[in-house]
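Residue-level listing of the chains:
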Amino acid sequence: MAPKIAVVGSINLDLVARAERLPRPGETVTGATFARYPGGKGANQAVACARLGAEVSMVGAVGRDPFAEEALAGLRAAGVALELAESESPTGIAVVLVGADGETEIVVAPGANAEVALAALPEHDAVLCQLEIPDTAVEAAWEACTGVFCLNAAPARVVAVDPDLTVVNRYELEALTRRDGLVAVTLGAEGAILLESGEEVARATPPNVDAVDGTAAGDAFTGCLLVSLLEERGYEDALARACAAGALAASRHGAQPSLPSAAEIEAVLN
């Protein structure tokens, strides 16, 4: 049976400029290329889970504007069930700068995401949240969750929930006040570690890839780790698969277009 995952999170349209290098403060860099992609950490992670075979529902909000359908295109294509509110605020926008080395700078205008509220959760084995939506929505999702609650605690801030699985990078770990349960810490090119009640229980390194865009690498990692654990894979196997998913995403352009399938992860691991 495919795991059922309810994602409560953000939906954005990513406006992406690629340049030879990222600008310094006050500097203008020209010669960039431009593209638009569906994005938002919530939507990215929903698509990531769906591409790995999970049955996914997405709870979120968009505006009544032309950007909304573009922002939802990747979710629809991945077969994600949508439970959306329409807002008078604009659809969320992320302005993404990508350097030739794959490093990014991102500024988000949350728009309708700042008004996400939870009335009820779809049927689920797990609930997945991020912190691009209000704390009240995250807390309501945690309280209503009857399965595994996973929080990608980014952007980093303190929120009054007690997740079964938390995913952070090394900098977001510093802001994490609750470290019970499982905590996955991503370390960029060094891979990731998995902690259980503060003790390391697994460590993995990613396959070698040519990184071109790290925008959705963390979302690919989070979705794959959650799906792998719901499939009852061991910690080492689940973490290795998540690192492979993140590496594959970093080797491709765009957020949702970069997210790998289960077959692609198996291929790179084998």
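Residues numbered from 1 in each chain as written. Predicted model: local features only at pLDDT ≥ 70, side-chain atom pairs only at ≥ 80, totals over all residues. Heavy atoms only, no water.

A.B. asks: In this structure, what is going on with unusual backbone geometry? I would like to understand it.
C.D. replies: Of all residues except glycine, most have a negative phi; of all peptide bonds, most are trans. Look at the link from alanine 154 to proline 155: it is a cis peptide, with omega at -5 degrees. Mapped onto the fold, proline 155 is located in the loop between β9 (148-152) and β10 (165-169). Phi at serine 197 is positive, roughly 50 degrees, even though this residue is not glycine. Of note, serine 197 is situated in the loop between β12 (192-196) and β13 (199-204). According to the relative accessible area criterion, serine 197 is exposed, its value standing at 55%. Positioned with a positive phi, glutamate 232 is a non-glycine residue whose angle comes to about 65 degrees. Locating glutamate 232 in the fold gives a position in the loop between α4 (217-230) and α5 (235-250). A relative accessible area of 73% places glutamate 232 in the exposed class. (Helix = DSSP H or I, 4+ residues; strand = E, 2+ residues; numbered from the N terminus. Buried < 20%, exposed > 50% of the residue type's maximum accessible area, 1.4 Å probe, protein only.)

A.B. asks: Would you explain empty space enclosed by the protein in this entry?
C.D. replies: Over the atoms rolls a probe the size of a water molecule, and its path tells where empty space is left. Following the criterion strictly, the structure yields 1 cavity of 30 Å³ or more and no others. Approximately 120 Å³ is the volume attributed to the largest cavity. Along its surface, the largest cavity is lined by 14 residues, and Arg157, Val159, Leu176, Thr177 and Arg178 are the ones closest to its centre. Residue composition of the lining of the largest cavity, by class: 9 nonpolar, 2 polar and 3 charged. (1 Å grid on protein atoms, 1.4 Å probe; cavity = no way out; pocket = protein on both sides within 12 Å on 5 of 7 lines; lining within 4 Å. Points joined across faces, edges and corners; volume = space filled by probe spheres on them. Nonpolar A, V, L, I, M, F, W, Y, C, P; charged D, E, K, R; others polar.)

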